[in-house]
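Spelled out, the chains give:
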Amino acid sequence: GSSSFPDSVEALERFLAPGDLEGPPLRNGTAPSPAWTTHRYEAAETFNTTYDHVYAYGEPRDLADWVSQAALAQVQQYQLLCEAFSMRMYEWYSGVII
């Protein structure tokens, strides 16, 4: 599977209160407020490491910058999922759902 992120700050504004939009999630995967945890925020970290795929594009200046970097990380994740499927197509897998 892959984590999914909202595509804009406006999308976040639809379900988070203004006080919950003060900053991006931290590098260590810490949600900026309890509301993010309620909505099942999952950091884009590699399992059992501290490598954060969003922060790989640099330190975000604000929430809008974090959303843009999260979109890049998400594109890369889906690309790699599809490439892995194609590599073992019909050997290990018979289909992929995105």
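Residue indices begin from 1 for each chain and proceed along its sequence in written order. In keeping with the model being predicted, local features are shown solely for residues with a pLDDT of at least 70 and side-chain atom pairs are shown and tallied solely at 80 or more, while totals for entire chains, interfaces and linings include all residues. Side-chain numbers come from the whole structure's heavy atoms, not from hydrogens or water.

## Some words on the overall build of the protein
Here's step 1: Strands here mean DSSP runs of E at least two residues long; helices mean DSSP runs of H or I at least four residues long; both are numbered from the N terminus. The secondary structure content of the protein amounts to 3 helices and 0 strands.
Here's step 2: Beginning at the N terminus, the succession of helices and strands in the protein can be written as α-α-α.
Here's step 3: Looking at the protein as a whole, 34% of its 98 residues qualify as buried.
Here's step 4: The contacts in the protein between residues at least 6 apart in sequence include a share of 44% that link residues at least 24 apart.
Here's step 5: Areas reported here follow the Shrake-Rupley algorithm with a probe of radius 1.4 Å; residue values treat only the protein chains shown as occluding. When the accessible surface of the protein is totalled, it reaches about 6800 Å², and 54% of it is carbon and sulfur. Under the scheme applied here, a residue whose accessible area is under 20% of the maximum for its type counts as buried, over 50% as exposed, and between as partly exposed, the area being computed with a 1.4 Å probe on protein chains only. Any two residues whose heavy atoms approach within 4.5 Å at even a single point are treated as in contact.

## Quick notes on the side chain of Gln69
Here's step 1: Inspection of the secondary structure assignment puts Gln69 in helix α3 (residues 63-87).
Here's step 2: A distance of 2.9 Å separates a polar side-chain atom of Gln69 from the backbone oxygen of Gly58.
Here's step 3: Other than its neighbours up to four places away in sequence, Gln69 contacts Val54, Tyr55, Tyr57, Gly58, Glu59 and Pro60. Polar contacts, as used here, are pairs of N or O atoms within 3.5 Å; protein pairs need one atom able to donate a hydrogen and one able to accept it. Residues neighboring in sequence count only if both atoms are side-chain atoms.

## A closer look at the pattern of salt bridges
Here's step 1: Definition used for salt bridges: Asp or Glu carboxyl oxygen within 4 Å of a side-chain nitrogen of Lys or Arg. If you walk through the whole model with that rule in mind, you get 1 salt bridge.
Here's step 2: Where Asp65 meets Arg61, a salt bridge forms, and the shortest distance between an N and an O atom there is 3.8 Å.
Here's step 3: For Asp65, a relative accessible area of 13% puts it in the buried group.

## Digging into the environment of Tyr57
Here's step 1: Secondary-structure assignment places Tyr57 in the loop between α2 (34-38) and α3.
Here's step 2: Each C-alpha atom, one on Tyr57 and one on Ala70, is 9.0 Å from the other, the two residues being 13 residues apart in sequence.
Here's step 3: Excluding residues that lie within four positions of it along the chain, Tyr57 makes contacts with Gln69, Leu72, Ala73 and Gln76.

## Side note on the nonpolar core
Here's step 1: Leu12, Leu16, Trp36, Val54, Leu63 and Trp66 are the most contacted members of the largest nonpolar core, which totals 14 residues.
Here's step 2: Elements with a contribution of two residues or more to this core: α1 (9-13), α2 and α3.
Here's step 3: Per-element accounting of this core gives the leading share, 5 residues, to α3. Nonpolar cores were defined as sets of buried Ala, Val, Leu, Ile, Met, Phe, Trp, Tyr and Cys residues, with membership established by side-chain atoms within 4.5 Å.

## Considerations on the confidence of the model for the protein
Here's step 1: Scored by pLDDT, the protein comes out at a mean of 80, with 86% of its residues at no less than 70.
Here's step 2: Element-level mean pLDDT values for the protein span from 77 in α2 up to 89 in α1. As a per-residue measure, pLDDT reflects the predictor's confidence and takes values from 0 up to 100.

## Re α3
Here's step 1: Helix length check: α3, at 25 residues, gives a terminal C-alpha distance of 36 Å against a target of 36 Å (1.5 Å per residue), a fit within 8%.
Here's step 2: Taken together, the buried positions of α3 are Leu63, Asp65, Trp66, Val67, Gln69, Ala70, Ala73, Gln74, Gln77 and Phe85.
Here's step 3: Contacts made by the buried residues of α3 are with α1 and α2.
Here's step 4: Capping of α3 at its N-terminal end is provided by Asp62; its side-chain oxygen lies 3.4 Å from the backbone amide nitrogen of Ala64. A helix's residues, less one, multiplied by 1.5 Å, set its expected span.

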